[in-house]
Amino acid sequence: MNKSLVGRLLFAAAFVVLVAVNSLVLSGVADNQAEAPVARLWMTERELPKVKWLAMENSGVDLHIRWRNLSREENGVDDGSPSWLSGKKLEELGFTFANGLPLGDRRAKPALDREVFLVLEFSGPAHLEAIRRAERALVSLEEEQRRTPGEKYGQSDRFQAKKRIRAEESERSRLFVVDAGLDPGNLRQLYDDPARYLITSGVIGLHYHQENGRLWARGTIRGVRPAKLNVPLQQRRQLDRLLQQNHRDSTASNLPRYEVEVVYGQRFEPWINTIRALEQ
């Protein structure tokens, strides 16, 4: 068999494989969008900022899904390790661990990450609690200043506390991970408001945290899947226009400039339906 014929056969085989793969992908997309969606939410630039790709790396446009969690501590950071992700919940997710281990115990080692389903809550009780935490932080600071007047950095701290409240109310993401499970059907029954909750794939890991001289298992949310949404060509042009019209410099406000209708289909895979400008 000559080289020319072999080359043509290899090309034909590669073409057949490519067609088959594309058919499977398109079939999956069709199935995902065929029936009534499981969630339909209007989120803004707060939750879906544009990914800043380098021009030579990516010619498409993506929106990053900016999720959060309520930290264990009142004034803690969103570290991906909420208080509900421990103990019984970790067991439900299939992790094997031992709590209360002495320091240095060899059993206290990170577990392999597990793929699960995550529940994300939009503009609900978790976001309200984040605002209340910021407000309580300001009240606590003001009480401390009354007890110890004349603090050198008192005014600066008060300004930052008020800034935190404004950010929670109008700038930071309102999308919080509030639960996890292995059965998406059960989660849908528990969180049945499609305009408030969405269920998506995600990854959770396990680590040990030192507390009171002992080691305790904690879960960590590694991320959601997908982590970003590709903007279709039609919406891409619209998004580019409105961002150009409302260009930000370093002194500009962080208020959101657009809102996005995101739909999650029967396979819990999302797509962008509509993008429109927000009134400032």
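Residues numbered from 1 in each chain as written. Predicted model: local features only at pLDDT ≥ 70, side-chain atom pairs only at ≥ 80, totals over all residues. Heavy atoms only, no water.

### Focus: the confidence of the model for the protein chain
In this model, the protein chain carries an average pLDDT of 86, and 82% of its residues clear a pLDDT of 70 or more. Mean pLDDT across the secondary structure elements of the protein chain bottoms out at helix α1 (residues 3-34), with 48, and peaks at strand β5 (residues 175-181), with 98. (pLDDT = per-residue confidence, 0-100. Helix = DSSP H or I, 4+ residues; strand = E, 2+ residues; numbered from the N terminus.)

### Brief notes about the nonpolar core
Grouped together as the largest cluster of nonpolar side chains are 49 residues, with contacts concentrated most on Leu118 and Leu239. Once residues within four sequence positions are removed from consideration, Leu239 is found in contact with Val61, Leu63, Val231, Tyr258 and Ile275. Ranked by size, the runner-up nonpolar core spans five residues in total, among them Ala134, Leu138, Leu141 and Ile165. (Core = buried A, V, L, I, M, F, W, Y, C linked by side-chain atoms within 4.5 Å. Buried < 20%, exposed > 50% of the residue type's maximum accessible area, 1.4 Å probe, protein only. Contact = heavy atoms within 4.5 Å.)

### Considerations on the packing of helix α3 (residues 125-147) against helix α4 (residues 154-170)
At a closest axis distance of 9 Å, the pairing of α3 and α4 adopts a crossing angle of 165 degrees. Taken as axis vectors, α3 and α4 run roughly antiparallel relative to one another. As α3 runs across α4, the sense of the crossing is left-handed. Two secondary-structure elements touch here, α3 through His127, Ala130, Ile131, Arg133, Ala134, Glu135, Ala137, Leu138, Leu141, Glu142 and Gln145 and α4 through Gly154, Gln155, Asp157, Arg158, Ala161, Lys162, Arg164, Ile165, Glu168 and Glu169. Tallied by class, residues from the contact of α3 with α4 come to eight nonpolar, four polar and nine charged. (Axes fitted to C-alpha atoms, helices over the stretch in contact; angles between N-to-C directions. Parallel < 35°, antiparallel > 145°, perpendicular 65-115°, else oblique. Left-handed = near helix turned anticlockwise from the far one by under 90°. Nonpolar A, V, L, I, M, F, W, Y, C, P; charged D, E, K, R; others polar.)

### Some details on the pairing of β5
Among the seven residues that make up β5, seven are buried, leaving the element largely enclosed by the rest of the structure. Bridging between strand β4 (residues 111-122) and β5 involves six bridges; their strand directions are antiparallel. Looking at the pairing, Leu120 lines up with Val177 of β5. (Pairing = 2+ DSSP bridges.)

### Side note on the pairing of strand β10 (residues 270-277)
In this structure, strand β9 (residues 258-264) lies alongside β10, joined through seven bridges in antiparallel fashion. Each residue of the ladder has a partner; that of Glu261, found in β10, is Thr274. Taking the residues that link successive antiparallel strands as the turn, the β9-β10 hairpin has five residues, and the phi of Phe268 there is positive, at about 60 degrees.

### Quick look at the sheet that holds β10
Strand order in the open sheet formed by three strands is β1-β9-β10, and the pairing between neighbours is antiparallel. Each edge of the open sheet is held by one strand with a lone partner, namely β1 (39-44) and β10. In this sheet, adjacent strand axes meet at a mean angle of 20 degrees when their direction is disregarded. Bridging between β1 and β9 involves six bridges; their strand directions are antiparallel. Paired with Leu41 across the strands is Val262, a residue of β9. Packed onto the sheet, helix α6 (residues 233-245) meets β9 and β10 and runs at close to 35 degrees relative to β10.

### Some remarks on the environment of Thr220
By the secondary structure assignment, Thr220 is in strand β7 (residues 214-225). Taking the C-alpha atoms as reference, Thr220 lies 5.5 Å from Ile204; in sequence the two are 16 residues apart. Sequence-distant contacts of Thr220, that is, excluding residues within four places in its chain, are made with Asp79, Gly80, Ser81, Leu85, Val203, Ile204, Gly205 and His207.

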